Structures are given as C-alpha cells and as structure tokens.
Amino acid sequence: ATSVTGLVRGSETYRTRLEANGRLFAGECTCPAYGREGVCKHLIALGLAANEAGHALPNPLGIIRAHLLTLSKEALVDWVVRLAQEDLTFLLRLSREAARANPSPKGEAAALGQELLELLATPEHSDGWWDGPSLETALLVMQEFPRLIADGAAAELLGVIETALDLLQTCLEEVDDYEGEGLFVFERLAELHLEACRAAPPDPTELAEWLFERQADDEFGVFLDALVRYAASLGAQGLAAHQALAAAAYAKLPPIPRAGQDPRAVERRWLTRIMDHFAEAAGDLDQRIRLRRAALTGPHDHLELARFCRDQGRPDLARQAAEEGAWL
C-alpha cells in the first residue's frame, strides 16, 4: 500500500524502490543519476507502472514472507548464510549489522574497516567513469569512524585508513573522476587519518616516514600542508625525522638545466616547500632565498622571488631578481 519495488530497464537494469506517505515520496535506485541527484527517471517510471497496474500489481514479497514464516530458525539462518556467500553486497550489510551488535568498539572498527577495504578494492566503475554506489557506501561506512575513534579504536582504524588511501589513489589514477566523487572520499579519508593520529599518536618516526612517502606521491595536494596539521602528532622527534628525509631527497636533485626546463619540477616543488617550512621555523631567511633561487626556471619565478625578497625586507635582492626576470 505504501511502497513498490522493481527492476527498471534503462541503459542497464536498475533496482528501484519507491515509497509514498500521503503526497510525500522517497526512494532509492542503483543508477548513477540517483547517486548524484537523489532522484531519477527510474523512480518516476516505477511509480507510473505501479499506478497503471493498480490492484492487479503482484505482491511477491507477501508470498515470500508467508513462506519464510513456515521455516524454522535454523533453516532461515542457513539460507541467509548461503545467500551472503553468493552476494558480496549482502555479505557486507550483514557484517556491518553484526559489527554493530558487537559491544566492543575495536571489534566494530575491525568489521567496518574490512568492509571499507572491500568496497575500495573493487570499486564500481564502467568505461573509465565512477558509477557511484561503492563510493556512497564507503562514505556511509566512514561516517561511523569518528565515533569509533572517540571510543578508543583509533589505533585499529589507522592502518585501515592508510590502506584505503592507497587503494583509492590507485583507482583515481585509473578512473576519470570527472565529478570529483573519488577525490571527495580521498579527502575525507585524509581528515579521518589526522583525527586518528591525534587520538592515538603512532610512532613519530614511522608517521614521519609515512607522511613523506604520501607527499612524494600526492597528485592531489591533499597532504601539502601535512607538516602544519600533523605537528602535534609528529612532535620534535617526528619533525626531525621528516626534515632529514626531505634534506636527503633534496640533496639528490640535480641543478636545473640552463634551458630552463626542469624534468623533475614536481619533485623539486614539493621538496622545496618542505625545506622552506623548516627554514621558516628556524628563522633562516638566507636559506629560504637560496631555496627559491635554486628553483628558478623562468620570468614568473623571478617575479615571485623579487616579491618575496621585497616583503622580507631585502630590497637589494628583490631588485636583482626583478632585473634578471625582466631580462629573461
């Protein structure tokens, strides 16, 4: 009387459910449009088909329910377990419900963490585009993480989040994330990683190494300001370890060729940013200027160097950089 479910044939066959409460309607559909907008033509098609069928609309769920009521509890459990083994989505739903029934936050974190990794290991996409449902489900799972972090399961979630970041980055490198859905999930994972580190700080040296590797492979700029945000979790030991890693990598960079084209521009840019962070913290203005000079490739870089020197009270160096840039 208040709901109808069905399969709607569009570009593909979609599972659709429509519910009515007076003149208010809600529902869900497995199509990409519903994932983006929260409404789709398949919901309308299902409603129109139900209206046309009227009281002749079959009620297979009623027949199934009546049959299930005749079965024993053991038979129902066996049947549900067999179905879960055949249907990954159903298995994940059961895992989540079982985790919620577990009074231990660490047990729930383990179950939900496994569910998240399963979702990101096999993301739903076709023709190089996100289909959406797996990412939406991942976000629903991640909504539980702040509560679990606050309840003492931060350490259990930290490794899960780091693995999830790796899995999602691999997906983003293979799939066209035109609407930014994948990047949104990636950014949310990064936020949760910081929350977990603040709640249960890991070994500072290991954290420094992880952040440095993440910055080296950060195509999206999500970890650019990691040193500022993670400063409390890193502490003096972690910051020193991170600085040593950056200094060693920076020392291996070759000078920029005279032609001005830097084949390692991306690497030089993020390493310079890290080195500049530590030079600023130490109050070493000369080092900050040297770092910018070493990265000059064209007139715009000279302009930025001139502005920096001017703003730092070094007009002689600002004039020199401006003259060099004008000559170029």
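Parameters at a glance
- Residues numbered from 1 in each chain as written.
- Predicted model: local features only at pLDDT ≥ 70, side-chain atom pairs only at ≥ 80, totals over all residues.
- Heavy atoms only, no water.
- Pairing = 2+ DSSP bridges.
- Helix = DSSP H or I, 4+ residues; strand = E, 2+ residues; numbered from the N terminus.
- Phe/Tyr/Trp six-rings, centres within 6.5 Å; stacked < 30°, edge-to-face > 60°.
- Buried < 20%, exposed > 50% of the residue type's maximum accessible area, 1.4 Å probe, protein only.
- Lys NZ or Arg CZ within 6 Å of the ring centre and 35° of its normal.
- Lys, Arg positive; Asp, Glu negative; His and termini not counted.
- Salt bridge = Lys/Arg side-chain N within 4 Å of Asp/Glu carboxyl O.
- Contact = heavy atoms within 4.5 Å.

K.L.:
Outline the pairing of strand β2 (residues 13–21), listing residues and values.
P.N.:
Here seven bridges tie strand β1 (residues 3–9) to β2, and the two strands are oriented antiparallel to one another. Within the sheet, the bridge partner assigned to Gly 6 lies in β2 and is Thr 16. In terms of strand pairing, β2 meets strand β3 (residues 24–29) through six bridges, oriented antiparallel. Pairing of Thr 16 across the sheet is with Cys 29, part of β3.

K.L.:
Tell me about the packing of aromatic side chains, and please be specific about residues and values.
P.N.:
Scanning the model with the defined rule gives three aromatic pairs in all. Taken together, a centroid distance of 5.3 Å and an interplanar angle of 70° make the contact between Phe 186 and Phe 220 edge-to-face. Separated by 34 residues along the polypeptide, Phe 186 in helix α9 (residues 181–199) and Phe 220 in the loop between α10 (204–216) and α11 (226–229) bring together distant segments of the chain. What makes Phe 186 buried here is its relative accessible area of 0%. Of the residues examined, Phe 220 reaches a relative accessible area of 28% and is grouped as partly exposed. The lysine or arginine in question, Arg 292, covers the ring of Phe 308, its NZ or CZ lying 3.8 Å from the ring centre.

K.L.:
Any chance you could break down the side chain of Asp 218 for me, citing the residues and the numbers?
P.N.:
In this fold, Asp 218 is placed in the loop between α10 and α11. For the buried residue Asp 218, which engages in no salt bridge, the nearest side chain bearing the opposite charge is Arg 214, 6.5 Å off. Apart from the residues within four sequence positions on either side, Asp 218 is in contact with Phe 223 and Leu 224.

These figures come from the coordinates and say nothing about function on their own.
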